[in-house]
Amino acid sequence: MLISKIANRSTNIASLSSEHSERRFPFDPYPRGWYRIGNTKELLAGKTPRFLGQTWRVERHPSSEIVAIGQSGISYQAREEDGRVFVYFDRDVENGQPLKPAYDFVSPPEYRSDKWGQAGELRWVVRADVQDIAENAVDVSHFTTVHRFHRLPKLTEVRFTGEQMRVRMTSYRRMFGVETEVDLCFDYETLGLAFARIASGPVTMLVSYMPTPIDEETIEIVMAFRYERSKNPLRNAIIRLFLRWEGYVSFRDDIPIWENKIYHKRPVLCAGDGPIMQVRRWASQFYPAQAPSPSPQA
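Since this is a predicted model, take the numbers as computed values, not measurements. (Residues numbered from 1 in each chain as written. Predicted model: local features only at pLDDT ≥ 70, side-chain atom pairs only at ≥ 80, totals over all residues. Heavy atoms only, no water.)

Focus on the sheet that holds strand β1 (residues 33-39)
Then step 1. Strands sit in the order β1-β7-β6-β5-β4 across an open sheet of five strands; the sheet is antiparallel. Strands at the two margins of the open sheet, each flanked by one partner only, are β1 and β4 (57-60). Neighbouring strand axes in the sheet, compared pairwise and without regard to direction, differ in orientation by 35° on average. (Pairing = 2+ DSSP bridges. Helix = DSSP H or I, 4+ residues; strand = E, 2+ residues; numbered from the N terminus. Axes fitted to C-alpha atoms, helices over the stretch in contact; angles between N-to-C directions.)

Here we look at the pattern of salt bridges
It is possible for side chains of opposite charge to pair when their charged atoms get near one another.
Then step 1. A complete count under the given rule lists 22 salt bridges for this structure.
Then step 2. Among the salt bridges present, the one from K47 reaches E42, with a minimum N-O distance of 3.3 Å.
Then step 3. A residue is classified by how much of its surface remains accessible, and K47, at 40% relative accessible area, is partly exposed.
Then step 4. Residue classification places E42 among the partly exposed residues on the basis of a relative accessible area of 33%.
Then step 5. The shortest N-O distance in the salt bridge between E217 and R127 comes to 3.3 Å. Here R127 lies in the loop between β10 (116-126) and α3 (130-136) and E217 lies in the loop between β15 (203-213) and β16 (219-228), a separation of 90 residues in the sequence.
Then step 6. A relative accessible area of 8% places R127 in the buried class.
Then step 7. The network of salt bridges with shared partners includes D82, R84, E121, R123 and R226. (Salt bridge = Lys/Arg side-chain N within 4 Å of Asp/Glu carboxyl O. Buried < 20%, exposed > 50% of the residue type's maximum accessible area, 1.4 Å probe, protein only.)

Looking at the side chain of R244
Then step 1. Relative to the elements of secondary structure, R244 occurs in helix α5 (residues 233-252).
Then step 2. Of the buried charged residues, R244 lacks a salt bridge, with E121 as the closest side chain of opposite charge at 8.2 Å. (Lys, Arg positive; Asp, Glu negative; His and termini not counted.)

Notes on α5
Then step 1. Along its 20 residues, α5 runs 29 Å from first to last C-alpha, staying within 8% of the 28 Å computed at 1.5 Å per residue.
Then step 2. Here α5 has its buried residues at N236, I239, F242, L243, R244, E246, G247, Y248, V249, S250 and F251.
Then step 3. Among the residues of α5, the N-terminal cap falls to N232, whose side-chain oxygen and the backbone nitrogen of L234 are separated by 2.9 Å. (Expected span 1.5 Å × (residues − 1). Polar contact = N/O pair within 3.5 Å; in protein donor to acceptor, adjacent residues only side chain to side chain.)

Regarding the pairing of β15
Then step 1. Counting buried residues along β15, 10 of its 11 residues qualify, which places the element largely inside the surrounding structure.
Then step 2. Here strand β14 (residues 193-200) pairs with β15 via seven bridges, running antiparallel. Across the sheet, residue I198 finds its bridge partner in β15, namely M205.
Then step 3. Between the antiparallel neighbours β14 and β15 lie two residues, among them G201 with a positive phi of about 60°.
Then step 4. Note that β15 and β16 share nine bridges and pair antiparallel. Considered in β16, the bridge of L206 is made with R226.
Then step 5. Taking the residues that link successive antiparallel strands as the turn, the β15-β16 hairpin has five residues.

Right under this line is the structure:
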């Protein structure tokens, strides 16, 4: 309950600084891709959230298919996963209808395993762009200065495969009072969905990152936590509490940076900044009127 109140307060504080009219980024605020627009039960009960610059409603057809209907009455292809509804958004239309998804996302096997338990979710509303979240994954230097890692992370894998991106690194940080090695792997399925697998000492966790644009300046970010269960109920309860608190503290410290960030098309980078330009070339494929580079590795 305490963490829920703190997370809600963080959302309200972040919302106060999002009242700006001038867009800071030179690209489309609604890139093509899959986005979470809400929890299935709430949407089917009549909730009409506002994302991607419009209001949405969700219906379930007799065939059990989920359909997301935008403000203009156009039906978009949707997918139900882990109690949430994801919509495939693309500005391009054909004969008044949205194009079929160019790709689908792969849900993690942990979602379907009894060995993994749920540890709740946290939400923020932030003045940022979905591309900020992806660039954050390779900004290795900020893990020491912002997230209190004890050593500069070592990138062990950066790979781009079509719409997917994988970033893997190792470092050290304090866990339950002991310096512990951390293995961190981000799998991006699109700009609106990423899965982070984190192994650190006695804790193995999966964090689902789901950033969705609300309007041209703000996004909602939902983080959902899962952990590898043990046979000890007390340990499981402590891990659940720890994951939400750790997630709140770590993510909270990123928000002031995102909300005051100035976008530079060609930033001056140092060795610890990571391959940010490669991430931007990969992300370019999701924007209309922008062709992706032949190889983000270049």
